[in-house]
Structure formats: structure tokens, C-alpha cells
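# Residue-level structural notes
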Amino acid sequence: MMQSSSDTNVPDQSGTTHGQQRKRWLLRLLVVVIIVAVLFTTYWWLLGSRFVSTDNAYTATEVAQVAAAVDGTIQEIHAIDTQAVTQGAVLAKIDPADARLLLIEAQAELDRTLRKVEGYFLHDQTLASQLLAREADLQRAYAERQAAQAHDERAAIDLKRRRALSGSGSVSADELTRAENAWRSAQASLLAAEANVALARANVETAQSARRMNQALTANTSIQDHPEVQLARAKAEQAQLNLERTVIRAPISGVVAKRQVQLGQRVQAGTTFLAIVPTEKMYLNANFKEVQLKDVRIGQTVEA
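We now turn to the structure provided with this report.

Definitions and limits used
- Residues numbered from 1 in each chain as written.
- Predicted model: local features only at pLDDT ≥ 70, side-chain atom pairs only at ≥ 80, totals over all residues.
- Heavy atoms only, no water.
- Axes fitted to C-alpha atoms, helices over the stretch in contact; angles between N-to-C directions.
- Helix = DSSP H or I, 4+ residues; strand = E, 2+ residues; numbered from the N terminus.
- Parallel < 35°, antiparallel > 145°, perpendicular 65-115°, else oblique.
- Left-handed = near helix turned anticlockwise from the far one by under 90°.
- Buried < 20%, exposed > 50% of the residue type's maximum accessible area, 1.4 Å probe, protein only.
- Lys, Arg positive; Asp, Glu negative; His and termini not counted.
- Salt bridge = Lys/Arg side-chain N within 4 Å of Asp/Glu carboxyl O.
- Contact = heavy atoms within 4.5 Å.
- Pairing = 2+ DSSP bridges.
- Core = buried A, V, L, I, M, F, W, Y, C linked by side-chain atoms within 4.5 Å.
- Phe/Tyr/Trp six-rings, centres within 6.5 Å; stacked < 30°, edge-to-face > 60°.
- Lys NZ or Arg CZ within 6 Å of the ring centre and 35° of its normal.
- Patch = residues over 30% accessible without salt bridge, like charges linked within 9 Å, V, L, I, M, F, W, Y side chains within 5 Å.
- Areas by Shrake-Rupley, 256 points an atom, 1.4 Å probe, with all protein chains shown as cover.

### Describing the packing of helix α3 (residues 97-166) against helix α4 (residues 173-218)
The axes of two packed helices give the description: the angle between them and the distance between them. Two numbers describe how α3 lies on α4: the axes approach to 7 Å, and their chain directions differ by 165°. Taken together, the axis directions place α3 and α4 in an arrangement best described as roughly antiparallel. Crossing hand, α3 versus α4: left-handed.

### Focus on the environment of Arg-178
Structurally, Arg-178 is set in helix α4. In sequence terms Arg-178 and Leu-159 are 19 residues apart; their C-alpha atoms lie 8.8 Å from each other.

### Some remarks on the side chain of Asp-152
Here Asp-152 shows up in helix α3. Despite its burial, Asp-152 pairs with no opposite charge, the nearest such side chain being Arg-154 at 10 Å. Asp-152 has contacts with Trp-183, Ala-186, Gln-187 and Leu-190, leaving out every residue within four places of it along the chain.

### Some thoughts on the sheet that holds strand β9 (residues 272-277)
One open sheet accounts for 4 strands, arranged β2-β9-β7-β4; its pairing is antiparallel. Across the chains shown, the open sheet's two edge strands, defined by having one partner strand only, are β2 (64-67) and β4 (84-85). For strand β7 (residues 254-257) and β9, the ladder comprises 3 bridges, and the chain directions are antiparallel. The residue bridging Val-256 from the neighbouring strand is Ile-276, located in β9.

### Quick word on the nonpolar core
Counting 17 residues, the largest nonpolar core has Val-66, Leu-91, Ile-94, Val-267, Phe-273, Leu-274 and Ile-276 as its most contacted members. Elements with a minimum of two residues in this core: β5 (90-94) and β9. Here Val-267 is in contact with Ala-68, Val-70, Asp-71, Gly-72, Ile-74, Ile-94, Val-261 and Phe-273, once residues within four sequence places are set aside. In this structure, Ala-106, Tyr-120, Ala-232 and Ala-239 belong to the second largest nonpolar core, which totals 11 residues.

### A few points about the packing of aromatic side chains
For the coordinates displayed, the defined rule picks out 0 aromatic pairs. Taking NZ or CZ as reference, Arg-28 lies 5.0 Å from the ring centre of Trp-25, over its face.

### Brief notes about the pattern of salt bridges
According to the stated counting rule, one finds 9 salt bridges in the structure shown. Among the ionic pairs, Glu-109 bridges to Arg-112, the shortest N-O distance being 2.7 Å. Placement of both Glu-109 and Arg-112 in helix α3 is noted, with a separation of 3 residues, approximately one turn of the helix. Close ionic contact of Arg-134 with Asp-137 constitutes a salt bridge, the shortest N to O distance being 3.3 Å. Linking Arg-134 with Asp-137, this pair stays in helix α3, spanning 3 residues, or about one helical turn.

### Quick word on the sheet that holds strand β6 (residues 247-249)
Paired through their backbone hydrogen bonds, the strands of a sheet run either parallel or antiparallel. Spatial ordering of the open sheet is given by β6-β5-β3-β8, a layout of 4 strands whose pairing is antiparallel. Each of the sheet's edge strands pairs with one partner strand only, and the pair in question is β6 and β8 (266-267). In the sheet, strand β3 (residues 72-77) pairs with β5 via 3 bridges, with the strands oriented antiparallel. Within β5, the residue paired with Glu-76 across the bridge is Lys-93.

### Topic: a nonpolar patch on the surface
Judged by side-chain polarity, Leu-27, Leu-30, Val-31, Ile-34, Ile-35, Val-38 and Leu-39 come together as a nonpolar surface patch covering roughly 640 Å² of accessible area. Positionally, Ile-34 belongs in helix α2 (residues 13-48). The exposure class assigned to Ile-34 is partly exposed, which follows from its relative accessible area of 44%.

Quick look at the structure:
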């Protein structure tokens, strides 16, 4: 009986051990929570509150499209996809035969136009001389008319005198007839002189009109600045430019992509040859949420 009573007073060792283990696990959990909280707080303080990030981003660049500027047949190709090229490098060549012929034609037309316009200026000098001659003819016709008028007046006076004397028999009939004929001849000469004056005046007006018309072609300009010469020169320069455009060059440095032409292919102005991707000028498009952009400012450092 004594032994039995003593056994009932011994503590439960297993219960005590279980409680201690539970306390240790709770303590460990608390330590872990504290560590996580400290780490999160540190992250938020150093990074989270100062930086924003996104996975929704992609690279982009302004791709240069290279196209033909003139019609022709592809004669040479010097670029393939993924090839790196520098600005100004020859990518392809179009057969220049047609463009060269058009340039020769345009240059010949320019030379012809220069000669033609030079003729305008030289012709003005000729017309000026002709006008002076016509004006001299008019002055001579005026003088001849004046002489004819004087002769007509003398013949009229002489006829009047002889008619007055014919009644007294002092003037014979033949003499009177000669006086009448002389007066009629003087009148005819006067009429002819009047006609010559009218003709000379018309010639002067014609010469003046011809010179004005020619001066309208050369007014306020020179041979080199004449509109016809400028037009012909512009066509020659356009032909020269078209010949130069048969050589296709890279507008920028980068990598060739999407080449669409082949050797011997006939192309028209505007036909796309290829594209050039300027890899050194690529940029990043990143999409953020609106709430992330509250503290984002121009000039801040970005890491990709």
C-alpha cells in the first residue's frame, strides 16, 4: 500500500517534455517571423519604396525602309539579311543605261535652250537696229511729203496765175494746159508722199511691236537666269540625280532585314528593297501600372 501511494505522486515526464518542445517551436516561429519582417522592412526601405519594376517590356527601334527611287533592273546586290552595314554603304545597283541616256538628252536640251535664249538677246539688238531704220524711213517720208506739199502749192499758184492771164490772151492755151498738168502731177506726188508716210508709220509700229514681243522674252532676266534655261537646267539636274539614284545606299548604320529583291528583278520607283534595323539606337518600351508611376520622373536611372 505504501508503494502504491508513492507512485501516484511522481510527475508526468512525457507531458513536461511535450510542452517544452511546443515552446521551442513557437519561439523558433517567432524568430522566423521577426527575421522575415526585418528582411521585408529592409527590402521595402532600400528597394521596394524606391524602385518599380515590370515584366511587361519589349525592345523597339525606328526601322529604315530602303526603296527604289527610279525604275530599272537590279544589276547588283551587295546586302543579305542579318548583314551589318554602315551609313552610305552600297546595298544594290540598278542598271544605269536608261538613266544615262536620259541625262545625255537633258544636257543636250539644256545646251539647245541656252543657244535659243542667247538668240533672244541677240535678236533684240537686231530689232533695235531695224526700228531705228524704220524711224529714219518715217522721217524721210515726212520730208518727202513736205516737199510734195510745197511743190503742189507752187503748182496751184502758177495755175491760178495763168488762168487769170488767159482771159487777156497773155497766156496761150498750151501754156495753160502745161500748168494744169503740172498741178495735177504735184497733187499725185503729194498723194504718193502721204501714202509713203502712212507706210513708213506702219513699218515703225510693226518694228516696235516686234521688239516689244522679243523684249517680253528677255525682260528682267539674263541668259543664265532665263525661265526656259532654268527649266532645262532643272531637268538636267533631275536626270543627273536619277542616274545617281541607280546606286542604292544605306541611309543609316544597322543590320539588314527583310530583303525583298533579287538579281535581275525589274523594279519601279517606290519598290521596297529591304529594311535596316539600327541596333545601336534600340530603346525599351516598358508598361507599368498607373499606381507605380506616382514617383516616376524624367531623368531617373533605368536598368533593363
